[in-house]
Structure formats: structure tokens, C-alpha cells
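# Coordinates in review
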Amino acid sequence: MFRYQILIEYDGTSYVGWQIQKKGKSIQKTIQSTLSKLLKQKITLYGSGRTDAGVHALEQSAHFDVKNKIQNIDKLIKSLNFFLNHKRISIINIKKKKINFHARHSAKERTYLYIIQNRLSPSTLNKDKEWHIKKKLDINLIKKGAKKLIGTFDYSTFRSSSCQAKSPIRTIKSIKIRSSKNKIEIEFKSQSFLQQQVRSMVGCLKYLGEKKWDLKTFDKVFKSKKRILCAPPAPPEGLFLTKVTY
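Structure report, in brief.

## Regarding the overall build of the protein chain
Counting its secondary structure elements, the protein chain contains five helices and ten strands. Expected size for 246 residues packed as a compact globule is a radius of gyration near 18 Å; at 19 Å, the protein chain falls within 12% of this value. Oriented by its inertia axes, the alpha-carbon framework of the protein chain measures out at about 60 × 40 × 30 Å. Across the 246 residues of the protein chain, 52% fall into the buried class.

## What about the pattern of salt bridges?
Within the structure shown, the criterion is met by twelve salt bridges. A salt bridge links D219 to K223; the nearest nitrogen and oxygen atoms lie 3.1 Å apart. On the criterion of helical spacing, the pair formed by D219 and K223 is a turn pair, its members being four residues apart in helix 5 (residues 215-224). According to the relative accessible area criterion, D219 is buried, its value standing at 17%. Taking relative accessible area as the criterion, K223 reaches 58% and is therefore assigned exposed. Put simply, D11, R88 and K129 are held in one network by salt bridges that share partners.

## Describing the packing of aromatic side chains
This model, assessed by the stated rule, comprises twelve aromatic pairs. Look at Y112 and F193: their rings are 5.4 Å apart centre to centre, the planes differ by 90°, and that puts the pair in the edge-to-face class. Here Y112, found in strand 5 (residues 109-117), pairs with F193, found in the loop between strand 9 (183-190) and helix 4 (197-209); they are 81 residues apart in sequence, far enough to count as distant. Like Y112, the residue F193 is buried in the burial classification. By way of ring pairs, the aromatic residues F153, Y155, F158 and F222 are connected into one cluster.

## A look at the environment of S160
Tracing the backbone through its elements, the reader meets S160 in the loop between strand 7 (151-154) and strand 8 (169-180). What makes S160 buried here is its relative accessible area of 9%. C-alpha separation for the pair S160 and Q196, spaced 36 residues apart in sequence, amounts to 5.6 Å. Within polar-contact distance, the side chain of S160 engages the side chain of S162 at 3.0 Å.

Rules and cut-offs
Residues numbered from 1 in each chain as written. Predicted model: local features only at pLDDT ≥ 70, side-chain atom pairs only at ≥ 80, totals over all residues. Heavy atoms only, no water. Helix = DSSP H or I, 4+ residues; strand = E, 2+ residues; numbered from the N terminus. Rg over C-alpha atoms; globule rule 2.2 N^0.38 Å. Buried < 20%, exposed > 50% of the residue type's maximum accessible area, 1.4 Å probe, protein only. Salt bridge = Lys/Arg side-chain N within 4 Å of Asp/Glu carboxyl O. Phe/Tyr/Trp six-rings, centres within 6.5 Å; stacked < 30°, edge-to-face > 60°. Polar contact = N/O pair within 3.5 Å; in protein donor to acceptor, adjacent residues only side chain to side chain.

Shown next as C-alpha cells:
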């Protein structure tokens, strides 16, 4: 048995998310089915983690096992992209790994990027790739709020009610905020995130930036550990999984 890591870029707009579900098309199933046909055996794909419906990836990581060693990886990548590119999925690379490598359990860090277009008019070119917010946001307030989220905490406030993680305790290693012209980019790094955690944190930072909340209210909501007090989560289209580090 041979194990391979596969790096994937995808537009999640028309998918139910990464994970296979009873209804709707998923990224996982689409790639898995194509791999199975090309390799002429049943392939099971294991992702580094799930991304929700509408969320994109610049470099999602997954792994799969095959009975025989793949002789020509470049040829397989080209064949996969022939079938997947029109479905808004691109295979960036495939790497042979040791059998103990696991796309999810071996991951040391995951990086997510959230993009906000902060101007009166929405972008035609970046439709479904950012959150359009008309009201001017206070970037300094957003930065101050983000600092409060860095560290090891109970993030229950930002946790989806359907989250299946055993513990709400997570460690946010860094949050970097870049602002240029009308675009705001917020980058989050952690070993792992709770379901909808990033989108929920961005939703609360937006309330802060709009001055619907002050820093004291933001801090109080965070420390309350009550999901009901959380601002509405940011929409999925602005979120990108950018890298999984091992």
C-alpha cells in the first residue's frame, strides 16, 4: 500500500462543502470519484478538515492510499485536471508520503484568509470571492479586537451549534490584518479551528468595525461563551483555506 498527499485549489461556490453529504455535490466526492476511475480502484480521500458550503481553498491538503506505486505523477495530475478544471477544481500537486502521514492528524497549522470589500459598490470581478460591506469600517478598532482573540481560550461564542469537536478550547497563534484601498484581508493561524469559528469571529469584528459594539462589548461577548450573543457569521464566500502546514 502506498500513501500520497494531494494539494487542491477549488472554488466552493457551487458545492455543499468539502465533506461528502447525503445531498448535493461535495469537493471530496468529486475528486474521489475521478481518482477512482483513473486509478481503476476504489479510492478514499481524507481531507485536512472540512470547509463549509461556499468556502474556497487555495491549497487544501488531503491524502489517499493506492495498491501500486504511481509511476507517473505528472501524468496523473494532468489527467485529473482534464476532468476537474471545468468543475472549478485544480490539482496543484501530488506527493508520495510515508504510510503514517495523515492529512488531518499530522497537520501542525492551518491558515485561513478572509477578504472584505469595504466600499459602496460591489466588485463584479470578485463576486463570490469576498464580503461586500458598504459601511466604512474602523480598521484600528478591528485590529484591537483581533488582538483579544489571540491565545488559548474557550471559543464557545464562535462555535456552530452543529460543531462536533470534543473541546471548545483552541489556540489562535496569530491574526494579521492588511488593508489596502478598499480591501481588508484578515489572516488566521491555528492548529485547528471549530466549525464556523473564523466566520463567526469575522462577523463580530465587523460589528466592532461598524461601531455597533465597543471593545468592552466585544470582549464581554467573547468571554460569555454564549453562541446566542455572537454576531451573525460572515458569509462563506469571503473565506479561503490558504495553507495546511505539517
